[in-house]
Amino acid sequence: SSVVGCAAEAFEAGGLPEVRKFKNIEGVGIQGQVSSGTSFVSVLAGNAKVLEEVAVTDADRQHFEAFQRAHALDTVLAVALDGALEFAIALNDTLRPSAKGTTDELRRLGCSVAMLTGDAALAATPVAQSLGIHEFRSSMLPSEKQAWVVASEKSG
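Described in the following lines is the structure provided in the data block.

Each value, and the rule that gives it
Residues numbered from 1 in each chain as written. Predicted model: local features only at pLDDT ≥ 70, side-chain atom pairs only at ≥ 80, totals over all residues. Heavy atoms only, no water. Patch = residues over 30% accessible without salt bridge, like charges linked within 9 Å, V, L, I, M, F, W, Y side chains within 5 Å. Areas by Shrake-Rupley, 256 points an atom, 1.4 Å probe, with all protein chains shown as cover. Salt bridge = Lys/Arg side-chain N within 4 Å of Asp/Glu carboxyl O. Buried < 20%, exposed > 50% of the residue type's maximum accessible area, 1.4 Å probe, protein only. Helix = DSSP H or I, 4+ residues; strand = E, 2+ residues; numbered from the N terminus. Lys, Arg positive; Asp, Glu negative; His and termini not counted. Contact = heavy atoms within 4.5 Å. Pairing = 2+ DSSP bridges. Axes fitted to C-alpha atoms, helices over the stretch in contact; angles between N-to-C directions.

## Describing a nonpolar patch on the surface
1) Next: A cluster of nonpolar side chains, Val-19, Phe-22 and Ile-30, forms an exposed patch at the surface whose accessible area comes to about 280 Å².
2) Next: Taking relative accessible area as the criterion, Ile-30 reaches 39% and is therefore assigned partly exposed.

## Examining the side chain of Asp-74
1) Next: Tracing the chain through its elements places Asp-74 in the loop between helix H2 (58–70) and strand S4 (75–81).
2) Next: Arg-69 provides the closest opposite charge to the buried, unpaired Asp-74, separated from it by 14 Å.
3) Next: Residues within four places of Asp-74 in sequence aside, it is in contact with Ala-90, Leu-91 and Asn-92.

## Quick notes on unusual backbone geometry
1) Next: Even without glycine at this site, Asp-82 takes up a positive phi of about 50°.
2) Next: Position of Asp-82 relative to the elements: it lies in the loop between S4 and strand S5 (84–91).
3) Next: A positive phi is found at Ser-139, a non-glycine position, where the angle reads about 55°.
4) Next: Assignment of secondary structure puts Ser-139 in the loop between strand S7 (135–137) and helix H5 (142–155).

## Looking at the sheet that holds strand S3 (residues 39–46)
1) Next: Taking strand neighbours across the sheet as the criterion, the five strands line up as S1-S2-S3-S4-S5 in an open arrangement whose pairing is antiparallel. Two strands close off the open sheet at either side, each with one partner strand: strand S1 (19–25) and S5. This sheet shows a mean twist of 20° between the axes of neighbouring strands, independent of strand direction.
2) Next: Across eight bridges, strand S2 (residues 29–36) lies against S3 in antiparallel orientation. Counterpart to Ser-35 in the pairing with S3 is Phe-40.

## A short note on the pairing of S4
1) Next: Within S4, five of the seven residues are buried, leaving the element largely enclosed by the surrounding structure.
2) Next: One ladder, built from four bridges, connects S3 with S4; its direction is antiparallel. Of the residues in S4, the one forming a bridge with Gly-46 is Ala-78.
3) Next: Bridge analysis of S4 against S5 gives seven bridges, and the strand direction is antiparallel. Among the inter-strand pairings, Leu-81 is bridged to a residue of S5, identified as Ala-84.

Following this line, the structure appears as structure tokens:
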């Protein structure tokens, strides 16, 4: 695929491919054009909403949904190239070794600790539990996180 060729070129050249027309699409993912050889490939990567923006067959949708179920604790990204769904990637977060100590120290200092994430509840819950965080919100857009912080500051 073009992405594999693009990644191989970047690895061999010791750099990354050129990206142009990059934009963040809130609540969906990212979009841009990535150089591949002498041309550019249109890339759209993000959550399941990507499937609404590109050409997908019923079989593609079923494969993607099965992949999501198989990786329920991960963040699953759909990746479309030139308007067609090409593959999915499962990502997961690894906590920094200092995360638990940091949240414990914040609580010791009298701070209220909350976790706001765009990840799904299935992925967010074990993270919050491992950090002893009882107040957490999942599947939030950046604007929703900002509104939550503003409201929390006003309420003290």
